[in-house]
Amino acid sequence: MDKLKLIIKREFISKVRNKTFLVMTILSPLIVIGLGVLIGFLTKLNQDSIKTIAYLDESGYFLESDFQSSPSVLYENFSGDSFEIAKSKVESNEFYGLLYIPRKDSIVDVASNVQFYSKKSPNIIMVSTLESLVEGRLEEERMKQLGLDIKKLNNSKVSASIQLSDFLGEKSSKLINGMKIGIGMSAGYMIMMFIIIYGAMVMRSVIEEKTSRIIEVIISSVKPFELMMGKIVGTALAGLLQFTIWGILLVIIGVIASSIFGVEPVNLEGVNVPVEQSEVMKEVASNEAQLIFAEIMKLPLVTMFISFIIYFIGGYLLYSSIYAAIGAAVDNETDTQQFMLPVLIPLMLGVYVGFAAVISDPHGPISTVFSMIPFTSPIVMLMRIPFGVAWWEILISLVLLLATFLIIVWFAAKIYRIGILMYGKKPTYKELYKWMRY
Amino acid sequence: MSNLLEVRELVKQYGDYTALKNVSINVPQGGVFGLLGPNGAGKTSLIRIINQIILPDSGSIFFNGKELVPGDVHLIGYLPEERGLYKSMKVGEQALYLAQLKGMPKNEAKAQLKYWFDKFEIGDWWNKKVQELSKGMAQKVQFIVTVMHRPKLLIFDEPFSGFDPINANLIKDEILQLRDEGATVIFSTHRMESVEELCEHIALINNSEKILDGKLNVVKQQFKSNLYEVVLKVEQPKQLQKEIEDKFTTQPSNLAINDKELAIKIKIDKNDTSNDLLTFLSSKGELRHFVEMIPSVNDIFIKAVNSHRNG
C-alpha cells in the first residue's frame, strides 16, 4: 500500500511539473475563451454587412411597404424597369441579388414562378425570409379574392401554450428539458474528454518507462499491477487538478472577457426585441426562472452527483487500463495507432448515441441498451439520469460496468506485465492474445 | 557452507518456447557466483524469476532456507542488462524514490545516498536531471540505486557494459567490497576474463538447461586435458621434437624461443602424473619452462556449449 502511494505521488508530481502540462493548464482556457470571442465577433461582423436586394414586381400585387428594409437588408425597387435592364443594373451595382416576380394569370401561378437571381448562391435564411415575405403578401391577396375578411381572420388566431405538470399537480417548465439535456450532455462529454486526454497520458507514461528502460528496475521492487494502478490513479489526480483549474480559469476569464468585449449571449443571437415586448418577456422569464429553479431542486441531484462520481471513476479506470496495456504492448507512440481505434470507437459511439437517442427518447430502447453496455454506459447513462432512471436500471448498469472493469483490468494487467519486458517488435492482436495465456 | 539461494527444478515456457527446462542451481552464502551462457540461453528468464518479475510455471526458489515471497524484494538488489532511469527526473529525487520502493525509510535512504554519492564524488549531481548526465555517469547512479539498500543478494547482469575501463574497475572493486562485507553476488556476463577474476562458483546455462555448475577451480580440474607446455634447452631441438612426438600427443606452442630451445605442448595419459613427464623431460635437456595448461573459463564455456549442442 505504501509503495502504491509512492508511485501515485511520483506520477502526480512528474505530471504536474511537466512544462507542457503547465502551459496547457494556463493556455487552454485562454484559447477556448479567445475562440468564443472570435466567433462572436465574426458573427457580429457578418450581420453588420448590409445586403442590398433589388426587386422587380410585374404582378402588381406588391406595395413598396411590403419590402421593409432592416439593418441587414436594404430593398431597392426596380419595378419600373424591364427584366433585362433590372438585371444589368443589379450586376453593375454589385447588389446581393434580384427578386423577380413575374406577371401571371393567377396568384397561385405567381407564387410558384418567383425567381431570385444572384451572383453567389444566396444563404438559406435569406431565401426563406424572402419566401415568407412573398407568401404573406400573396396569401392576403388570395384571401381578398376569395372574399375573406382579413381582420376577422387575424382576430380568430389563437396562440396555444401548453403548461406542463406531473400527476401530483406540480408545475414544470418546458425549459427544464433543455436543462436536463444540457446537464447530461456536459457530464457525458466531460467523461469522454477526460478519458481521451488522460488515458493517452497514462499510455505515454508507460511508453516512457519502457523506452527509458527503467521498467525492469522498478518491477523488481513492485508488482506490475501496483505500478499500473499507481500510474492510472496518479495521472487521474493530475487530471482532476487540471480540470479544476480550467473550470476556475474559464469562469474568471469568461467574466473578464464579457465585461471587456461586452459580448453577451443575447447579442450573439442578434435578436432585436422591441422594448415593451422585452418587458413582457422579462416577466415571463422571471416566472420561468423561478420554475426552473424549483425544477432543478427537484432533479435527482444527489443521484446525479453520486452516479457521476461512480461512472466517472468506473469509465476512467476501464479505459485507462486499456490505454496502459496498449502502452505496454508497443515500443513507441507511432505503433499505438492500430490499437487506438477500438478504444475510440465506443467512446465516440457513446457520445453520438447520447446526442442522437437520449435527446429524442431518453428511455427508448437504444438509449437503454447503450446505457447498459459498459463501454458506453458511463457516458450514455449520465445523459439519461437527469430524466429519471429507475434505480434497478442504474444498478444493473453499474454491476455490468464493475464486472467488465475487473475483467478488463485483469487482461490489461496481464498484457502490461508481459508487454513491459518485450522490446523490438510491434505486436499483433494475435500475440496479445498469446500474452494473456502466459 | 550453507546456500543463500536454492533454485529447484524451475520450468518456464512462453507459449511453445521453453525458456527454462528443470533448472536447479545453488548459490552459496558469500562470494561471487557467475551465471554464464550464450545469448538466449535463459539467463535473463532465470534472473527475472529470482527477482519475482515473472512467475515460473513450476519449481521453487528458497532464500535463506525459506521459500521466496514477494516481501523479500528488499533483500535483493538487481541491476538488469536493460537498464535506465527516468530521463526528466532529478538524480537525487529519483534515487530516493527507488530506494523507498525497495522499502527503505526516507531518512535512511537519504543517509545512504549521501554516503554513496560522496564515495563516488558525485554529490553535485543531486539536482541534475538524468538527461543531462553522460551514459557512464548515469550508470554510476544506477549502480548506487542497485546497492544502496544493502541487500543480501546482489544480481548484476552485464554490470560493466557502458563503463570505461577506469570506471569498470571502480565498479569491480565496489562489488568485491560488498562481497567482503557479506553480500552474495550473482554475476551474469559474457566477459569471461572478469568471471575468471571474480567468481568462485559458476553455473553454465545453454539452450534452457543448466549444463555445468560448481566451484570454478573444481570445474577447471574437470575440464583440464593433462596438457603441459614445456621449454627445453637442447643441442638438437628438431631431433628431440621428433622423439617427443613419437611418444606423446603434442600441440605446437607459441612461446618465443631461440634456436637452441624447443617449445611444445605435451598431452600425457590420464594414468601418468606430471612427475613422470618431468622425469622424462629432465633426462633430455635443461628444463626452462613447465606449466600445466589449465583451461580458461572461455575454453570451458566454448567446449561445454559445443558438446551440449552436439548431444
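Provided above is the structure to which this section pertains.
Residues numbered from 1 in each chain as written. Chains lettered and ligands numbered in written order. Predicted model: local features only at pLDDT ≥ 70, side-chain atom pairs only at ≥ 80, totals over all residues. Heavy atoms only, no water.

(A) Representation of the overall build of chain B in the model. Looking only at helices and strands, chain B features 10 helices and 14 strands. Here chain B has a C-alpha radius of gyration of 25 Å; the compact-globule value for 311 residues is 19 Å, and the former is much larger. Overall, the C-alpha framework of chain B stretches about 75 × 45 × 35 Å when taken along its three principal axes. The burial tally for chain B puts 50% of its 311 residues in the buried class. The long-range fraction of contacts in chain B, counting pairs at least 24 apart against all pairs at least 6 apart in sequence, stands at 70%. Total accessible area on chain B is roughly 14900 Å²; 47% of this is exposed by carbon and sulfur atoms. If you average the places of the 39 positive and of the 40 negative side-chain charges in chain B, the two averages end up 3 Å apart. (Helix = DSSP H or I, 4+ residues; strand = E, 2+ residues; numbered from the N terminus. Rg over C-alpha atoms; globule rule 2.2 N^0.38 Å. Buried < 20%, exposed > 50% of the residue type's maximum accessible area, 1.4 Å probe, protein only. Contact = heavy atoms within 4.5 Å. Areas by Shrake-Rupley, 256 points an atom, 1.4 Å probe, with all protein chains shown as cover. Lys, Arg positive; Asp, Glu negative; His and termini not counted. Charge placed at Lys NZ, Arg CZ, Asp CG, Glu CD.)

(B) Layout of the interface of chain A and chain B. Counting residues at the interface gives 21 residues for chain A and 26 residues for chain B. Across the chain A to chain B interface the summed buried area is about 2500 Å²; carbon plus sulfur atoms make up 58%. Together, A:Arg10, A:Glu216 and A:Ser220 form the three largest contributors to the area buried by chain A at its contact with chain B, with a combined 24%. Between chain A and chain B we count 3 salt bridges in total. Between A:Arg213 and B:Glu82 there is a salt bridge whose closest N-O contact spans 2.5 Å. Counting across the interface, chain A meets chain B through 8 residue pairs in polar contact (both at pLDDT 80 or more). Those elements giving two or more residues to the side of chain A that touches chain B turn out to be α1 (2–17), α7 (175–211) and α8 (215–219) of chain A. With 5 residues, the top contributor of residues to the side of chain A that touches chain B is α1(A). Residues of the side of chain A that touches chain B, tallied by class, amount to 9 nonpolar, 4 polar and 8 charged. (Buried area = accessible area lost by both parts, 1.4 Å probe. Salt bridge = Lys/Arg side-chain N within 4 Å of Asp/Glu carboxyl O. Polar contact = N/O pair within 3.5 Å; in protein donor to acceptor, adjacent residues only side chain to side chain. Nonpolar A, V, L, I, M, F, W, Y, C, P; charged D, E, K, R; others polar.)

(C) Seen up close, the sheet that holds strand β9 (residues 201–206) of chain B. Residue and element names in this part refer to chain B. The 6 strands are arranged β6-β7-β8-β3-β9-β10 in an open sheet whose pairing can be described as mixed. Across the chains shown, the open sheet's two edge strands, defined by having one partner strand only, are β6 (76–79) and β10 (209–215). When strand polarity is set aside, the average angle formed by the axes of neighbouring strands in this sheet is 15°. Bridging between β6 and strand β7 (residues 153–157) involves 4 bridges; their strand directions are parallel. Within β7, the position partnered with Tyr78 by the bridge is Ile155. The sheet contacts of helix α7 (residues 216–223) involve β9 and β10, and relative to β10 the element is tilted by about 110°. (Pairing = 2+ DSSP bridges. Axes fitted to C-alpha atoms, helices over the stretch in contact; angles between N-to-C directions.)

(D) Fine view of the packing of aromatic side chains. Residues and elements named next belong to chain A. The tally for this structure, following the rule as stated, stands at 25 aromatic pairs over all chains. Through pairs of rings, three or more aromatic residues link up here, namely Phe194, Tyr198, Phe243, Trp246, Phe308, Phe312 and Tyr316. The cationic tip of Lys87 hangs over the ring face of Tyr117; the distance from NZ or CZ to the ring centre is 5.8 Å. (Phe/Tyr/Trp six-rings, centres within 6.5 Å; stacked < 30°, edge-to-face > 60°. Lys NZ or Arg CZ within 6 Å of the ring centre and 35° of its normal.)

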